[in-house]
Amino acid sequence: MERTKSKAIFGRALDVIPGGVNSPVRAGKAVGVDPPFIKSAKGCTLWDVDGNQYIDYVCSWGPMILGHGHPEVLKTLSEAIPAGTSFGAPTELEVEMAESIRQLVPSIEMVRMVNSGTEATMSAIRLARGATGREKLVKFEGCYHGHVDSLLVSAGSGVATFAIPGCPGVPRELAGHTLSLPFNDAEALRGAMEKYGQEVAAIILEPIPGNMGVIVPRPEFLKELREICNHTGALLIFDEVISGFRVRPGGAQELYGIEPDLTCLGKIIGGGLPVGAYGGKREIMENMAPEGNIYQAGTLSGNPLAMAAGLATLRILREGRVYEELERKSERLFSGLAGAAESAGVQVVINRVGSMGTLFFTGHPVTDFESASASNRELFRGFYSSMLDSGIYLAPSPFEAWFVSAAHEEEHIQRTIECAKKCFASLGG
Ligand code: KE4
């Protein structure tokens, strides 16, 4: 597959944008493949600047659950644009969005719109620290919550030692307030919280991690989190930027029946436009300015176009049988991939929750960051390149999720399985 125009544009991009991209993962360094530059998209299909066509399983990293260019979303946007693109003033659309979120996610009694998932988690941890008067945080290795200083950390040397900066620029003093524990490990969690629980403002996690590849949470782990937060007074923050409205209308908290104190949202609620949100119990949220004295603000927060596209998306998700269809299509895809790998004698483990899933090149269960990291990255690189050249567009990293949209039909799924079959044959050979 020729990508000469993409290469030329990438050359220009490298001269004016760090790494040639506006978000690092897009550069394809983890797979050693220069990125195709995308020109347009419709349904589950992308076209790059060279005219190559791809079946899209990135879906803009989750937002495009209905597929690209859904007619009702486009219609709503085309009606909103002439009214104005941004006012910096309250609009009824923001209230409708807040009411919709509250209706779909009952643990959220009040919600504040922001412009990215990072802003949502950054605001939620500031709120948790301000509301509890505590400074420590607990996160889990392999969970990603955006580029928030306090959460861009690596686990300390021992399980219950405080974290170190995950990259230059994160002050050691800040990282030192965060504990990074193994995901799905209730014993490590209990040990750390017995020691530090009274100092912990919040425990934050992706309830269904997508950023170390998809990991299925152990129900007893989620239950333990809720109980430990009840016992210690730490707030439980579910980062549902990916899982929110992805696995159920009410996200992972609906699926697993665990109620967090605060929830972070993003992606799907913007219908493809920049968005984030954080919300939770009224008595916690009322700490936020101007009601309370914890500050957070944003020029484009609640932007009318993002609200319009997000509301149209949520309306469609609430109607009909979208989630049943997503489940059927996702099961068809991932069982087909598993069968193709098995026939070729290639060892893979597939973790899937609803329409988010990951194929790991390993023969062992993948339940946390350590076991995810042990998967074969070389095989993934070969798989990625072969699938891309066959017209299947996957996330350029072994530690991301495949996303199935309502626009993926049987023909797309069948073609994906066929391409994977060919690739496994060459990898397995
Ligand atoms: P943004 O600031 O990128 O809107 O959201 C940060 C974020 C927060 N929480 C979770 C669970 C997330 O997955 C993300 C962002 N996800 C990544 C990919 N998994 C976005 C892609 C990118 O970084 O380019």
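Heads up: the structure comes first, above all this text.
Residues numbered from 1 in each chain as written. Predicted model: local features only at pLDDT ≥ 70, side-chain atom pairs only at ≥ 80, totals over all residues. Heavy atoms only, no water.

(A) Quick peek at the site of the ligand. In the vicinity of the ligand, 16 residues are found, and the nearest of them are Ser 23, Thr 118, Asn 211, Asp 239 and Glu 400. At 2.7 Å, a side-chain N or O of Thr 118 approaches an oxygen atom of the ligand. If the ligand stood free it would expose 540 Å²; the protein chains cover 85% of that surface. Each of two domains, domain 1 (4-69 + 322-426) and domain 2 (71-319), supplies a minimum of three residues to the shell around the ligand. (Near = heavy atom within 4 Å. Polar contact = N/O pair within 3.5 Å; in protein donor to acceptor, adjacent residues only side chain to side chain. Areas by Shrake-Rupley, 256 points an atom, 1.4 Å probe, with all protein chains shown as cover. Domains from an automatic or database assignment.)

(B) Just the side chain of Lys 136, in detail. Relative to the helices and strands, Lys 136 is located in strand β5 (residues 136-140). Buried and unpaired, Lys 136 has Glu 199 as its nearest opposite-charge partner, separated by 4.5 Å. Sequence-distant contacts of Lys 136, defined by excluding residues within four places in its chain, comprise Phe 162, Gly 176, His 177, Glu 199, Val 200, Ala 201 and Ala 202. (Helix = DSSP H or I, 4+ residues; strand = E, 2+ residues; numbered from the N terminus. Buried < 20%, exposed > 50% of the residue type's maximum accessible area, 1.4 Å probe, protein only. Lys, Arg positive; Asp, Glu negative; His and termini not counted. Salt bridge = Lys/Arg side-chain N within 4 Å of Asp/Glu carboxyl O. Contact = heavy atoms within 4.5 Å.)

(C) Local environment of the sheet that holds strand β2 (residues 45-48). Read across the open sheet, the four strands follow the order β1-β2-β3-β15; overall the sheet is mixed. Looking at the sheet topology across the chains shown, the edges are occupied by β1 (38-42) and β15 (392-393). One ladder, built from four bridges, connects β1 with β2; its direction is antiparallel. The residue of β2 that forms the bridge with Ile 38 is Asp 48. (Pairing = 2+ DSSP bridges.)

(D) View of the pattern of salt bridges. Going through the model one piece at a time under the given rule, you end up with 15 salt bridges. Of the charged contacts in the structure, one is a salt bridge between Glu 327 and Arg 352, with a shortest N-O distance of 2.8 Å. Highlighted residues: Glu 327 in helix α11 (residues 322-344) and Arg 352 in strand β13 (residues 349-353), separated in sequence by 25 residues. Look at Glu 327 and you get partly exposed, because its relative accessible area is 35%. The structure contains a network of salt bridges with shared partners spanning Glu 327, Glu 331 and Arg 352.

(E) Looking closely at the packing of aromatic side chains. Throughout the structure, instances matching the rule amount to 14 aromatic pairs. Between Tyr 57 and Trp 402, the ring centres sit 5.3 Å apart and the planes meet at 50°, which makes this aromatic pair tilted. One end of the pair, Tyr 57, is in the loop between β3 (53-56) and α2 (71-80); the other, Trp 402, is in strand β16 (residues 402-403), with 345 residues separating them in the sequence. As far as the burial class goes, Tyr 57 and Trp 402 line up, both buried. Taking 5.3 Å as the distance between ring centres and 80° as the angle between the ring planes, the aromatic pair formed by Phe 140 and Phe 221 counts as edge-to-face. Of the two residues, Phe 140 is situated in strand β5 and Phe 221 in helix α7 (residues 219-232); the sequence distance between them amounts to 81 residues. Members of the aromatic cluster, each reached through a chain of ring pairs, are Tyr 57, Phe 334, Phe 361, Phe 383, Trp 402 and Phe 424. Directly above the aromatic system of Phe 162 lies the positively charged group of Lys 136, at a separation of 5.0 Å from the ring centroid. (Phe/Tyr/Trp six-rings, centres within 6.5 Å; stacked < 30°, edge-to-face > 60°. Lys NZ or Arg CZ within 6 Å of the ring centre and 35° of its normal.)

(F) Region of interest: α7. Between the first and last C-alpha of α7 there are 20 Å, a value that for 14 residues agrees with the 20 Å anticipated at 1.5 Å per step. The elements touched by buried residues of α7 are β5, α6 (186-196), β9 (200-205), β10 (235-239) and α8 (251-256). (Expected span 1.5 Å × (residues − 1).)

(G) Fine view of the environment of Met 1. Relative to the helices and strands, Met 1 is located in the segment before α1 (4-16). Take Met 1: its relative accessible area is 39%, and that puts it in the partly exposed class. Placed 387 residues apart in sequence, Met 1 and Leu 388 show a C-alpha to C-alpha distance of 8.6 Å. Setting aside its immediate chain neighbours within four residues, Met 1 contacts Asn 52, Gln 53, Tyr 54, Leu 388, Asp 389 and Gly 391.

(H) Highlighting the pairing of β13. Judged by how many residues are buried, β13 sits mostly within the fold: four of five residues are covered. When β13 meets strand β14 (residues 356-360), the two strands line up antiparallel, connected through five bridges. Residue pairing for β14: Asn 351 is matched across the bridge by Thr 358. With antiparallel pairing between neighbouring strands as the criterion, β13 and β14 make up a hairpin whose turn holds two residues, including Gly 354 at a positive phi of roughly 60°.

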